[in-house]
Amino acid sequence: MRLEGKVVIVTGASAGMGQAIVERFAAEGAKIVAVARRKERLDALAERLKDEPGEVLAFAGDCGKREDNEAMIDFAVEKFGRLDVLINNAGIMDDNTAVGDVSDEMIARQMQVNAIGPMYAMRKAVQVFLEQGDGGNIINTCSVGAFHNTAGVAYCAAKAAITAATKNTAFMYMEEEIRCNGIAPGGVVTDIPLVMPKANEFGFARTSSLLTHSPELGMPEDIANVVLFLASDESSFINGVILTCDGGWTNL
Ligand SMILES: NC(=O)c1ccc[n+]([C@@H]2O[C@H](COP(=O)([O-])OP(=O)(O)OC[C@H]3O[C@@H](n4cnc5c(N)ncnc54)[C@H](OP(=O)(O)O)[C@@H]3O)[C@@H](O)[C@H]2O)c1
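Residues numbered from 1 in each chain as written. Predicted model: local features only at pLDDT ≥ 70, side-chain atom pairs only at ≥ 80, totals over all residues. Heavy atoms only, no water.

## Description of the site of the ligand
Right, on to step 1. As a structural note, the neighbourhood of the ligand is formed by 31 residues, with S14, R37, R38, C63 and T190 the closest of them.
Right, on to step 2. One nitrogen or oxygen atom from the main chain of G12 is found 3.1 Å from an oxygen atom belonging to the ligand.
Right, on to step 3. At 3.3 Å, a backbone N or O of G186 approaches an oxygen atom of the ligand.
Right, on to step 4. Protein contact buries 94% of the 880 Å² of open area that the ligand shows by itself.
Right, on to step 5. Only α1 (16-27), α4 (104-132), α6 (153-172) and α7 (192-195) provide two or more residues apiece to the shell around the ligand.
Right, on to step 6. Across the shell around the ligand, the residue classes break down as 14 nonpolar, eleven polar and six charged. (Near = heavy atom within 4 Å. Polar contact = N/O pair within 3.5 Å; in protein donor to acceptor, adjacent residues only side chain to side chain. Areas by Shrake-Rupley, 256 points an atom, 1.4 Å probe, with all protein chains shown as cover. Helix = DSSP H or I, 4+ residues; strand = E, 2+ residues; numbered from the N terminus. Nonpolar A, V, L, I, M, F, W, Y, C, P; charged D, E, K, R; others polar.)

## Section: the packing of α4 against α6
Right, on to step 1. Two elements in contact, α4 and α6, have axes separated by 8 Å at closest approach and are oriented at 15°. By the angle class used here, α4 and α6 are roughly parallel. Judged by the sense of rotation from one axis to the other, the crossing of α4 with α6 is right-handed. Contact with α4, carried on its side by M106, I107, Q110, M111, N114, A115, P118, M119, M122 and V126, involves A154, Y155, A157, A158, K159, A161, I162, A165, T166 and T169 of α6 and no other residues of that element.
Right, on to step 2. By residue class, the composition of the contact of α4 with α6 is 15 nonpolar, four polar and one charged. (Axes fitted to C-alpha atoms, helices over the stretch in contact; angles between N-to-C directions. Parallel < 35°, antiparallel > 145°, perpendicular 65-115°, else oblique. Left-handed = near helix turned anticlockwise from the far one by under 90°. Contact = heavy atoms within 4.5 Å.)

## Overview of unusual backbone geometry
Right, on to step 1. At N96, a position not held by glycine, the phi torsion is positive, near 70°.
Right, on to step 2. Looking at the secondary structure, you find N96 in the loop between β4 (85-88) and α4.

## Quick word on α1
Residue pairs spaced three or four apart in an α-helix point in one direction, given the helix's 3.6 residues per turn.
Right, on to step 1. With twelve residues, α1 ought to run about 16 Å at 1.5 Å a step, and its terminal C-alpha atoms sit 17 Å apart, in line with that.
Right, on to step 2. Within two residues after α1, G29 carries a phi angle of roughly 90°, on the positive side. (Expected span 1.5 Å × (residues − 1).)

## Here we look at the sheet that holds strand β3 (residues 55-60)
Right, on to step 1. Taken in spatial order, the seven strands line up as β3-β2-β1-β4-β5-β6-β7 in an open sheet, and their pairing is parallel. Across the chains shown, the open sheet's two edge strands, defined by having one partner strand only, are β3 and β7 (242-245). Each neighbouring strand pair of the sheet contributes to a mean axis angle of 15°, computed without reference to strand direction.
Right, on to step 2. By the bridge criterion, four bridges tie strand β6 (residues 178-185) to β7 in an arrangement that is parallel. Considered in β7, the bridge of G182 is made with I242.
Right, on to step 3. Packed onto the sheet, helix α2 (residues 39-48) meets β2 (31-36) and β3 and runs at close to 175° relative to β3. (Pairing = 2+ DSSP bridges.)

## Focus on the packing of α1 against α2
Right, on to step 1. Contact pair α1 / α2: the axes reach a minimum separation of 11 Å and the direction vectors enclose 25°. By the angle between their directions, the pair α1 and α2 is classed as roughly parallel. Pair α1 / α2 crosses with right-handed handedness. Where α1 abuts α2, its residues Q19, V22 and E23 lie against R41, L45 and R48.
Right, on to step 2. Here the contact of α1 with α2 is built from residues that sort into two nonpolar, one polar and three charged.

## Some details on the state of the cysteines
Right, on to step 1. Per the stated rule, a full pass over the model turns up zero disulfides.
Right, on to step 2. The thiol sulfur of C63 is not disulfide-bonded, and the nearest other cysteine sulfur, from C142, lies at 15 Å.
Right, on to step 3. A disulfide-free cysteine, C245 has its sulfur positioned 10 Å from the sulfur of C142, the nearest such atom.
Right, on to step 4. Overall, the relative accessible area of 15% leaves C245 in the buried class. (Disulfide = S-S within 2.5 Å. Buried < 20%, exposed > 50% of the residue type's maximum accessible area, 1.4 Å probe, protein only.)

## Notes on α4
Right, on to step 1. Here α4 contains 29 residues, and its C-alpha end-to-end distance of 40 Å stays within 8% of the 42 Å for a straight helix at 1.5 Å per residue.
Right, on to step 2. Q112 marks the point of greatest bend in α4, at about 45°.
Right, on to step 3. Directly after α4, the chain includes G133, whose backbone phi takes a positive value near 80°. (Bend = angle between axes of the 7 residues up to and from the residue.)

## Let's talk about the nonpolar core
Right, on to step 1. Residues V10, V22, F25, I32, V56, I87 and V227 are the most contacted members of the largest nonpolar core, which totals 32 residues.
Right, on to step 2. Broken down by secondary-structure element, the contributors of at least two residues to this core are β1 (7-11), α1, β2, α2, β3, β4 and α9 (220-231).
Right, on to step 3. If you look at the next biggest cluster of nonpolar residues, it comprises 27 residues, including V33, F80, L86 and A125. (Core = buried A, V, L, I, M, F, W, Y, C linked by side-chain atoms within 4.5 Å.)

## Re the pattern of salt bridges
Right, on to step 1. Evaluation of the coordinates by the stated rule reveals 13 salt bridges.
Right, on to step 2. For E234, the salt bridge is made with R2, and the minimal N-O distance between the two is 2.9 Å. Taken together, the positions of E234 in the loop between α9 and β7 and R2 in the segment before β1 put the pair 232 residues apart, joining distant regions of the chain.
Right, on to step 3. We classify E234 as partly exposed; its relative accessible area is 47%.
Right, on to step 4. Of the residues examined, R2 reaches a relative accessible area of 33% and is grouped as partly exposed. (Salt bridge = Lys/Arg side-chain N within 4 Å of Asp/Glu carboxyl O.)

These values are about where atoms sit, not about what they do.
What follows is the structure, encoded as C-alpha cells:
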C-alpha cells in the first residue's frame, strides 16, 4: 500500500474529486479526515469505506472559515496523533462574470473559499509539521483557470492566488522538508456545474469559446491518481510544482 499509516486531511470530500481521493486513499491504507459541509454525505462515505485498509473519519466544516480550517487539523491530530498530508481540495465555481460586472459578494466568496481558507489550513498544517519535526506534505487543488481563463475573474484570480501560495510555501519550507504542490485540473466530470451560480451571459459566451478546443473531460478518479502520487513518497523529489491535469487542453 502506498499510503499505509499516513494521516491525511481531504477537504471537499463529500463529492467529486475529493470523494474520489478519499476512496483511493482508503484503499491505499491512509487514515483520513474527510471534510465538507454536508456531514451526512461524509458519514455515508465513511460507512461505505469501512472495510478498506485505511480509516475514514468525517468532519463537518466550512473551508472558508478560519476556525473550521484550524479545527479540522486539531481533529486529525487528536484522533490520529499526527498529520502527514493536507489536501486543500474544496472549492466553488463562480458564474463566469468578467470584471466589468462582478459583484463584491462574488469576489469575497471566491477569495474566501478558494484562496484564503486554504491558506488558513496551510498555516496551521505547517505549524504542526514544524512541531513534529519530520517534514510534511501539502497539495492544493488549483485550476487551469489561473492561466487559461476558463471561468470568471473572481474564480481565476482566487485560483491564481492559491497557485502562488503553493509555490511560495514550497520555497519557504524546503529546508524543513515540507513539500507543497498543486494540481491544475481542466474539465472534470463532477457536481461543480450543478452547484454553480447561474452563468453570466457575456462571460459564459467568452469562456465557452475555449471549450470548443477541449479534449474529452477527465473523471474524478483520474485526478485521484495524480493526487495519490503527490501524496506518496514516490513524489518525494517534486516540490513547488503545479501539475496540469487537463488531457492536453492548455497545450493546444
Ligand atoms: N470539475 C472541474 O472541472 C474543475 C476544474 C478545475 C478545478 N476544479 C477544482 O477542483 C476542486 C473540487 O471540485 P469538484 O469539481 O470536485 O467540485 P464538486 O463536485 O462540486 O465538489 C466540491 C466539494 O467542495 C466542497 N465545498 C464547497 N464549498 C465548501 C466550503 N465552503 N467548505 C467546505 N467544503 C466545501 C463540497 O462539499 P459541501 O458542499 O458538502 O461543503 C464538495 O465536497 C475545487 O477546488 C474546484 O475549483 C474543478
